[in-house]
Amino acid sequence: MAASSSTAVQLGRTRVLKHGSSSPSKPGPVLYWMFRDQRLRDNWALIHAVDQANRLNVPVAVAFNLFDQFLGAKARQLGFMLRGLRQFQGEIEQTLQIPFFLFQGEAIDTIPNFLQEHGASLLVTDFSPLRQVREWKEEIIKRVPDYVSIHEVDAHNIVPVWVASNKLEYGARTIRRKINNELPDYLTEFPVLKPPIKKWVATNRHIDWETLIENATRKGAEVPEIGWCEPGEVAARETLMGNKNGFLTTRLKNYSTDRNNPLKANGLSGLSPYLHFGQISAQHCALEARKLHKVNPQAVDTFLEELIVRRELSDNFCYYQPNYDSLEGAWDWARSTLMAHASDKREHLYTKEQLEKAQTADLLWNASQLEMVHHGKMHGFMRMYWAKKILEWTSSPQEALEIAIYLNDKYHIDGRDPNGYVGCMWSICGVHDQGWKERPVFGKIRYMNYAGCKRKFDVDGYIAYVKKLVGGIKKRKGETLLDSKTKQGINIQNLHK
Ligand code: FAD
Ligand code: FO1
């Protein structure tokens, strides 16, 4: 069944991935398989699922599939995500009486099984351009019964990726106009979500969150959770609009000036963990920011450029470029200039381990690496310098890209995201950038160096800031370790005897 035209969601935002054959005499329930947009508020996929369920006069449920492994995610990312999902379950069941199911294993098994078991007629999914997600969907389309329809809703981008452009865009310059032309239709207020007409018959669905979180954080202990960024939709909205330290309420005015100063950690919005896990809607952030345009036009324009144009350009790249995370995904000019300089002498050559342990001769780079490893989020300006130095200090652009993506995905709370693949490709392969004056190793790829950073900000201050930051984190970790040992009744004094 097609996405009916009078649905509460703009037609262009939903795609029919599979038309159910003539629906069975009595249509079954609707399932929203949530994975990228993990939120109750301002979620077009959820709005569409409830709307379709009301049209069919059937109940609706939400399901999430927890994979055993996802792009190298460890305690830091899984703990954040699961705590956010626990809050989500509480809210959606309480405010909308919609049941939330959590499966473990492979979505290509658990989702079709659930549909079959409940005789569901419609599967609604949200959207991600990443290849793993697209492969899962292809497989699920093959496995579900004929009568099941599948609708995909781009709830992540303000302008759905397939509406903004039907091709790979060269850069912000080419996509900006296309996105801006569509904003009047897509940057709209959200309908208020009400409980669905038909209630799901109660089934025992107890989710043992404590055990799930315990297991995920123990298995992924190598990259411990961060303490500065509270997970969940409530904390996400606080980060955006909170009276104490909200970005739009208290920190917007310095955004244009401070955002390129790594010493001003508060200079950025701090929204990326929440946007990555879908715990806040970019569209909601844009609607709120736009209200402040009169007061801070430049800061709002700069923020919207990043939040809408840059962020949605990343989805465009990952959606239309299958090789979005390898040298094959670079433009010809970039690949040939990098190849022409691949055998240039490197002043330093470091292995992945040396880089991971911040053991280079560059104290500024080491500080940025340590900020990422221990704090889980490197300042946006330093991310460019950090990645470009990896190109300069490894034996080939391929190796540089692999190492940058590996480290970014492993340690960043906002990693495993189209923004990350594009961030690394921009830095190392000049994607969405132009060519610059040719030089050794970089060829025509934009160059950044220590001297350039010194001109821009207080480099020694940043190095000292990170040293203090990491010292504090290690001390707190030591204290909690001490706590847990004393709790276990192990007498610390005897430990060293
Ligand atoms: P703000 O400046 O407050 O930006 C607000 C939002 O706008 C961000 O959350 C993000 O969604 C978007 N945005 C900002 N800058 C960019 C950009 N350059 N490209 C795309 N979207 C942008 N961003 C990630 O979300 N995940 C990553 O893994 C990631 N890896 C990166 C790796 C490299 C090498 C580089 C150069 C950039 C990377 N970025 C990544 C983009 C950018 O650095 C971060 O989005 C930003 O620093 C996140 O912090 P913030 O939300 O406080 O930033
Ligand atoms: N989505 C899921 O549906 N199941 C998962 O187990 C899962 C783990 C996960 C770990 C780290 C991370 O950064 C994202 C994760 N996602 C998971 C989120 C989701 O898949 C996002 O859609 C992807 O990041 C693609 O955009």
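These figures come from a predicted structure and were not determined experimentally.

1. Points about the domain arrangement of the protein
Thinking step 1. Once the domains are mapped, the protein shows domain 1 (1-156), domain 2 (157-190 + 232-320) and domain 3 (327-470).
Thinking step 2. Distance from the C-alpha centre of domain 1 to the C-alpha centre of domain 2: 25 Å.
Thinking step 3. Counting from both sides, the interface comprises 29 residues of domain 1 and, opposite them, 32 residues of domain 2.
Thinking step 4. Of the roughly 2,600 Å² buried between domain 1 and domain 2 on both sides combined, carbon and sulfur atoms contribute 52%.
Thinking step 5. When the area that domain 1 buries against domain 2 is broken down by residue, the three leading residues are Asp42, Phe80 and His156, summing to 24%.

2. Here we look at the side chain of Arg311
Thinking step 1. When you line up the elements, Arg311 lands in helix H13 (residues 297-320).
Thinking step 2. Note on Arg311: relative accessible area 6%, which makes it buried.
Thinking step 3. When near neighbours in sequence (up to four residues on either side) are disregarded, Arg311 contacts His156, Asn157, Ile158, Ala282, Glu306 and Asn419.

3. Examining the environment of Asn408
Thinking step 1. One can find Asn408 in helix H18 (residues 397-411).
Thinking step 2. A sequence separation of 32 residues divides Asn408 from Gly376, and the C-alpha atoms of the two residues are 9.4 Å apart.
Thinking step 3. Here Asn408 is in contact with Met372, Arg383, Trp386, Gly415 and Gly420, once residues within four sequence places are set aside.
Thinking step 4. Reaching out from Asn408, the side chain makes a polar contact with the side chain of Arg383 at a distance of 3.2 Å.
Thinking step 5. In terms of polar contacts, Asn408 uses its side chain to reach the side chain of His412, at 2.9 Å.

About the thresholds
- Residues numbered from 1 in each chain as written.
- Chains lettered and ligands numbered in written order.
- Predicted model: local features only at pLDDT ≥ 70, side-chain atom pairs only at ≥ 80, totals over all residues.
- Heavy atoms only, no water.
- Domains from an automatic or database assignment.
- Contact = heavy atoms within 4.5 Å.
- Buried area = accessible area lost by both parts, 1.4 Å probe.
- Helix = DSSP H or I, 4+ residues; strand = E, 2+ residues; numbered from the N terminus.
- Buried < 20%, exposed > 50% of the residue type's maximum accessible area, 1.4 Å probe, protein only.
- Polar contact = N/O pair within 3.5 Å; in protein donor to acceptor, adjacent residues only side chain to side chain.

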